[in-house]
Amino acid sequence: MRWLFMGLGWLFVALGVIGAFLPVMPTTPFLLLAVACFTRSSPRLEAWLLNHPRFGKPLRDWRRSGAIARKAKIAAVSLMSVSYAIFFFGTAPPLWRALLVAAVMVGSSIFILTRPDAA
């Protein structure tokens, strides 16, 4: 199981790094999954991620109190809104698809906005 978790951890790190450069893909959720996998497989890699100069603070804030920085909340909700507008006006989806995507984005936004603010 240790090797499975380590492999998954590296997969999630790779997806998180890709997400750092692609606006349509998140970074932090994949890194949170990577930390969880490394917790079960490699304390050294877990510490590496938690102490990373760029990604460590948000991961530690989430682990400590489920907190998200206010700037990250604003960026996430703003980008979701812009993405939905592009989706809606750029593809003219059927009503059911537009409502489904809106429900997922509104639900995600509510979750993000109701988390405590990180220090």
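Let me sum up the structure you'll find in this document. (Residues numbered from 1 in each chain as written. Predicted model: local features only at pLDDT ≥ 70, side-chain atom pairs only at ≥ 80, totals over all residues. Heavy atoms only, no water.)

1. Focus: helix 3 (residues 43-50)
Three- or four-residue spacings in an α-helix give side chains the same orientation, since the helix completes a turn every 3.6 residues. What counts, and what does not: Throughout, exposure labels follow a simple rule: accessible area from a 1.4 Å probe, protein chains only, divided by the maximum for the residue type, with under 20% read as buried, over 50% as exposed, and the rest as partly exposed. By definition, any uninterrupted DSSP run of H or I lasting at least four residues is a helix, any uninterrupted run of E lasting at least two residues is a strand, and each is numbered from the N terminus. Note that the arc is defined by the directions from the helix axis to the C-beta atoms. In this analysis, two residues are considered to be in contact whenever any of their non-hydrogen atoms come within 4.5 Å of each other.
Regarding helix 3, the residues found buried are L45, E46, L49 and L50. Projected down its long axis, helix 3 carries its buried residues within an arc of 135°, all on one side. Of the exposed residues in helix 3, the ones pointing more than 90 degrees away from its buried face are P43 and R44. Those residues of helix 3 that are buried lie in contact with helix 1 (2-21), helix 2 (28-41) and helix 4 (56-65).

2. Let's talk about the side chain of S41
For clarity, the cut-off: Polar contact is defined as a pair of N or O atoms within 3.5 Å, subject to the rule that within protein one atom must be able to donate a hydrogen and the other to accept it, and that residues adjacent in sequence are counted only when both atoms are side-chain atoms.
Note that S41 resides in helix 2. In terms of polar contacts, S41 uses its side chain to reach the backbone carbonyl oxygen of C37, at 3.0 Å. Leaving out residues up to four positions away in the same chain, S41 has contacts with R2, F5 and M6.

3. With respect to the packing of aromatic side chains
Heads up, the rule is: Pairing of aromatic rings covers Phe, Tyr and Trp, the last counted by its six-membered ring, and requires centre-to-centre distances within 6.5 Å; plane angles under 30 degrees mean stacked, over 60 mean edge-to-face, and any other angle means tilted. Look at NZ for Lys and CZ for Arg. If either is within 6 Å of the ring centre and within 35 degrees of the ring normal, a charge sits over the ring.
The full count for this structure, using the stated rule, is 7 aromatic pairs. Residues W10 and F38 carry aromatic rings whose centres are separated by 5.6 Å and whose planes lie at 70° to one another, so their mutual orientation is edge-to-face. Residue W10 is located in helix 1, and its partner F38 is located in helix 2; the two are separated by 28 residues in the primary sequence. Owing to a relative accessible area of 39%, W10 belongs among the partly exposed residues under this scheme. Relative accessible area serves as the criterion here: at 0%, F38 is assigned to the buried category. Where F12 meets F30, the ring centres are 6.4 Å apart and the plane angle is 20°; that geometry is what we call stacked. Note that F12 is positioned in helix 1 and F30 in helix 2, a separation of 18 residues in sequence. Each member of the pair F12 and F30 is classed as buried. An aromatic cluster is present here, built from Y84, F87, F88 and F89 joined pairwise through their rings. Over the aromatic face of W3 sits the side chain of R2, whose NZ or CZ is 5.3 Å from the ring centroid. For the cation-ring pair, R40 lies above F5, with the distance from its terminal atom to the ring centre recorded as 5.9 Å.

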